[in-house]
Structures are given as C-alpha cells and as structure tokens.
Amino acid sequence: MQSSLPASRADLLAWFDQNQRDLPWRHTRDPYAIWVSEVMLQQTRVETVRRYWDRWLETFPTVASLAAASTEAVLSQWQGLGYYRRARNLHAGAVFIVEQLGGLIPTTAAAWQTVPGVGPYTAGAIASIAFAEPVPAVDGNVLRVLSRWLALELPIDGKPGRAVIDTLAAELAAGPRPGAWTQALMELGATLCTPTSPACLLCPVAAACAAAAMGDPSRFPLKAKAKAPREEHRFALALLQADTRAEWWVQRQEQGLLGGLWEFPLLASLEEVEDAAEPLTHHGDLLHIFTHIRLSVTLLSGAEGSTSDLVPSGYQTGRWVLPEERETLPQSRLMRKLRERLLLPTG
Ligand code: SF4
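Residue indices begin from 1 for each chain and proceed along its sequence in written order. The predicted nature of this model means local features are confined to residues of pLDDT at least 70 and side-chain atom pairs, given and counted, to a pLDDT of 80 or more, with totals for whole chains, interfaces and linings taken over all residues. As a rule here, side-chain values come from all non-hydrogen atoms in the structure, and water together with hydrogens is ignored.

## Things to note about the nonpolar core
Moving on, step 1. In terms of nonpolar packing, the biggest core is built from 103 residues, with W35, W56, W149 and L188 touching the most fellow members.
Moving on, step 2. Throughout, the edges of the domains are those of an automatic or database domain assignment. A domain split of this core shows at least three residues from each of domain 1 (5–219) and domain 2 (230–341).
Moving on, step 3. Setting aside residues up to four positions removed in sequence, W56 forms contacts with Y32, V36, M40, L66, V74, Q77, W78 and L90. For the purposes of this section, nonpolar cores are sets of buried Ala, Val, Leu, Ile, Met, Phe, Trp, Tyr and Cys residues that join through side-chain atoms within 4.5 Å. A simple rule labels every residue: compare its accessible area, found with a 1.4 Å probe on the protein chains alone, to the largest value its type can have, and call it buried under 20%, exposed over 50%, or partly exposed in between. We call two residues contacting when some pair of their heavy atoms lies within 4.5 Å.

So this is what it looks like as structure tokens:
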C-alpha cells in the first residue's frame, strides 16, 4: 500500500461517519435486505431505489418468501427499475439458498459467490456490510476513486489495470470496520469523486490523491475504447379493441433481453401483417437505448381485425389485455413509452 493511504483510510472513515447520507438500507444488518439493495443500486439511482426497496421487502420480506414467489410476481415488483435480469437473478439466488443451502444464508464472500447471479462485487458488499468480513467490493465507483488515488495510467477495463486496483482494494479492505469502509468508498464515489466533476476541495483524502495533485482528476480512470452500440429497427404494432379497450400484448421468451415482459409485438418487418384487412395508422418513430443497442421503433396502430393472433418470433404467447389487467403484467419501459405516445391511459 502506498505510504499515505493508511492514514487516508482513517480520514475517509471519519468523513463517512460525519457525512453519510441517511439511506434506509444502512439501518439494517439483514444480509438479504442488503443483498436486495446492492442489486437494485447496480444500475439505478439511489432516489428510485429508496421507493422500490421498501416495497420489495414488504412483499418479499425473507429469502424464503422470495423463493416461493412466481416469476411474474417478482417481475411485477421490479417493474420500472429496468435491467430485469437483476430481478431474475435475485429470484434464482433465493431459490438456490432455499433448495441447495437449506435456507441458510451464506456468511462469507466466497460462499456468496456460489449463489447464482452473485458476482465478486455483490458478494464482497454483503459479506463486509452484513458480516464484517474484511473483503473488498469493487464497483464502478470504487474503480474510479482508486484509479484517481493512484493516477493509474492503465485502462481499468484491461487486466493489468484491474489487477492493480484489486490489489489495492484488498489491502485497504483488510483494516478496521470493513462494512463502513466498503460504504465509505462508495459514498465518496457517489457524492464527491463523481465522474465528471470531482470535488477535490471537499475531499477527505485529497492530500494522498495523486490525480488531485496532478490537477486534472477527471482524466482518470482511463478506459479502453468502448464498442459502439448496435443500431436496430423494429415496428411496434398496437392493436386495440374499441369497445372493450383491450390491447393485444405479447410476452417475450424467458431468455434474452427483457425476458418474460409484456409489450406490443415488435416486428423486424411488416411482412407478417401486410395482408391486414384494416389499414394501420403511423404514429412516428421513437428511440430507445439499451446498454448495447440503439433501437429505433416505428409505432403503428390498428383495430382488432387488422391481423389476428399475432405472436412473432421471440415471443412465447399473446393475449387481449383488458384495462384492469394491465398493471398486473410486467412491462418494459419501452412499452410504457409506446403507450404514452398513443395517449393510452395507464392501469
Ligand atoms: S481528491 Fe478529488 S480525485 Fe482524489 S479522491 Fe478526492 S475527489 Fe476524487
């Protein structure tokens, strides 16, 4: 460890004790509740997670209750948080703990990593926060902070750079108060050492930070060139029954992007509906960004009879959905956008 970093560790902990945000999951040592918070926080903002975390724990208060729930109920609770694979993984992890571990929650990072869907970061976070195990939890925030402390001239998404960070993270984790340390590092990354405008003047570790000393901290972390997202196009077909206000929805296959969610059929071409008896109405295009895909969608609507029983490839089933059923079926954000564009009421 660099000579000034041990002192900085104590400084950062002291700063955390004084300045940490009051977040509901910081009031519990329940490993299941911490696990849920860590998974929700991976790609979602703290303010959004606050609402979902409470509601989730009311619905599924224990690992056993989550394991016993249906996939549909789990996805419904997750609705709106995005990246639904996280909900599926939580569910699969709960089933694993109940069925393979006799319902006993793992107490070490190594044991947590045997749970499906739990990677080194989540395992380290749960083990350090819930069980005070002195192990690191390295996420994007921590990569950024530590790369700045070192002014690391290696890309953090390459093996050599990552190895340097992992070594430093493990050394720092080995000190007192492992759970507070994990959270203090994350808190620094989330509040002061932000990606584009690090607040070095307020930072408790500025004296030991090599990037701050160089005067251009936001140059770090270095990253290898990112791949450009893939461009795709689909037609979204909204079929509506005027009298019942039912809408034709299809459910995605369980595997793959947005698995198991319900939406209007998305079609690569209009071949499947070109014999439609009724004309289709155009509602323009909209753009939806997934992590690796920029999807442009041309929205069309038609009446019942434009086509029937349309279940394109990539979907497992379809049905007419009545207004009162809509909130019970898990939908993607894209689906919500499409319905907003058509000025269809929610619920
Ligand atoms: S001194 Fe600046 S760059 Fe360094 S850790 Fe603190 S906020 Fe980040």
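Still more ground to cover, so stick around.
## With respect to the packing of helix α9 (residues 140–150) against helix α10 (residues 159–173)
Moving on, step 1. Only the stretch in contact is used when a helix axis is fitted, and all axes are lines through C-alpha atoms; the angle between N-to-C directions ranges over 0 to 180 degrees. Helix numbers and strand numbers start at the N terminus; a helix is a DSSP run of H or I with at least 4 residues, a strand a run of E with at least 2. Axis separation between α9 and α10 bottoms out at 10 Å; the angle between their running directions is 95°. Overall, the two elements α9 and α10 adopt an arrangement that is roughly perpendicular. Counting all contacts with α9, which are made through L143, L146, S147, W149 and L150, the residues of α10 involved are R162, V164, I165, L168, A169 and L172. Relative orientations are named as follows: roughly parallel for angles under 35 degrees, roughly antiparallel for angles over 145 degrees, roughly perpendicular for angles from 65 to 115 degrees, and oblique for any other angle.

## Describing the side chain of Q331
Moving on, step 1. Within the secondary structure, Q331 sits in the loop between β7 (315–321) and α13 (333–341).
Moving on, step 2. The class of Q331 is buried, set by a relative accessible area of 2%.
Moving on, step 3. In contact with Q331, not counting residues within four places along its chain, are Q79, Y84, W249, L261, W262, R326, R336 and R339.

## Looking at the site of the ligand
Moving on, step 1. Around the ligand sit R148, W149, C193, P198, C200, C203, V205, A206, C209, A212 and P217, and that is every residue in its neighbourhood.
Moving on, step 2. Polar here means any residue outside two lists: the nonpolar Ala, Val, Leu, Ile, Met, Phe, Trp, Tyr, Cys and Pro, and the charged Asp, Glu, Lys and Arg; Gly therefore counts as polar. Of the residues that constitute the shell around the ligand, the class distribution is ten nonpolar, no polar and one charged. Proximity criterion: a residue is near a molecule or strand once any of its heavy atoms comes within 4 Å of it.

## Describing the pairing of strand β6 (residues 293–303)
Moving on, step 1. Most of β6 is tucked away: eight of the eleven residues are buried.
Moving on, step 2. Should DSSP find at least two bridges between two strands, the strands are taken to pair. Alignment of strand β1 (residues 230–240) against β6, held across eleven bridges, turns out to be parallel. The residue of β6 that forms the bridge with A238 is S301.
Moving on, step 3. In the sheet, strand β5 (residues 281–289) pairs with β6 via seven bridges, with the strands oriented antiparallel.

## A few points about helix α3 (residues 46–59)
Moving on, step 1. Taking 1.5 Å of rise per residue, the 14 residues of α3 would be expected to cover 20 Å, and the 20 Å separating its terminal C-alpha atoms lies within 8% of that figure.
Moving on, step 2. Within α3, the full set of buried residues consists of V46, V49, Y52, W53, W56 and L57.
Moving on, step 3. Each element contacted by the buried residues of α3 is listed here: α2 (31–41), α4 (63–68), α5 (71–78) and α6 (85–100). Working rule for helices: expected span equals 1.5 Å times residues minus one.

## A closer look at the packing of α9 against helix α11 (residues 178–191)
Moving on, step 1. Remark: α9 packs on α11, axes separated minimally by 8 Å, with the N-to-C direction vectors making an angle of 80°. It follows from the interaxial angle that α9 and α11 lie roughly perpendicular. Taking contact as the criterion, the partners of N141, V142, R144, V145, L146 and W149 in α9 are, on α11, W181, L185, M186, L188, G189 and A190.
Moving on, step 2. Residues that form the contact of α9 with α11 fall into these classes: nine nonpolar, two polar and one charged.

## Topic: unusual backbone geometry
Moving on, step 1. Cis peptide bonds are those with omega within 30 degrees of zero, and the linkage from F220 to P221 qualifies with 0°.
Moving on, step 2. Position of P221 relative to the elements: it lies in the loop between α12 (210–214) and β1.
Moving on, step 3. Look at Y83: it is not a glycine, yet its phi comes out positive at around 45°.
Moving on, step 4. In this fold, Y83 is placed in the loop between α5 and α6.

## Description of the domain arrangement of the protein
Moving on, step 1. You can read the domains of the protein as domain 1 (5–219) and domain 2 (230–341).
Moving on, step 2. Centre-to-centre, using C-alpha coordinates, domain 1 lies 36 Å away from domain 2.
Moving on, step 3. The interface of domain 1 with domain 2 comprises twelve residues on the first partner and 17 residues on the second.
Moving on, step 4. Two parts placed together each lose some accessible area under a 1.4 Å probe, and adding up what both lose gives the buried area. Interface area, domain 1 with domain 2, both sides summed: about 980 Å², of which 39% is carbon and sulfur.
Moving on, step 5. It is E72, Q79 and Y84 that lose the most area in domain 1 upon contact with domain 2, and together they represent 49% of the buried surface on that side.
Moving on, step 6. Here a salt bridge means any side-chain nitrogen of Lys or Arg lying within 4 Å of a carboxyl oxygen belonging to Asp or Glu. For the pair domain 1 and domain 2, the interface holds one salt bridge.
Moving on, step 7. Polar contacts, as used here, are pairs of N or O atoms within 3.5 Å; protein pairs need one atom able to donate a hydrogen and one able to accept it. Residues neighboring in sequence count only if both atoms are side-chain atoms. There are seven residue pairs in polar contact (both at pLDDT 80 or more) connecting domain 1 and domain 2.
Moving on, step 8. For the side of domain 1 that touches domain 2, the element with the highest residue contribution is α5, accounting for four residues.
Moving on, step 9. Across the side of domain 1 that touches domain 2, the residue classes break down as four nonpolar, five polar and three charged.

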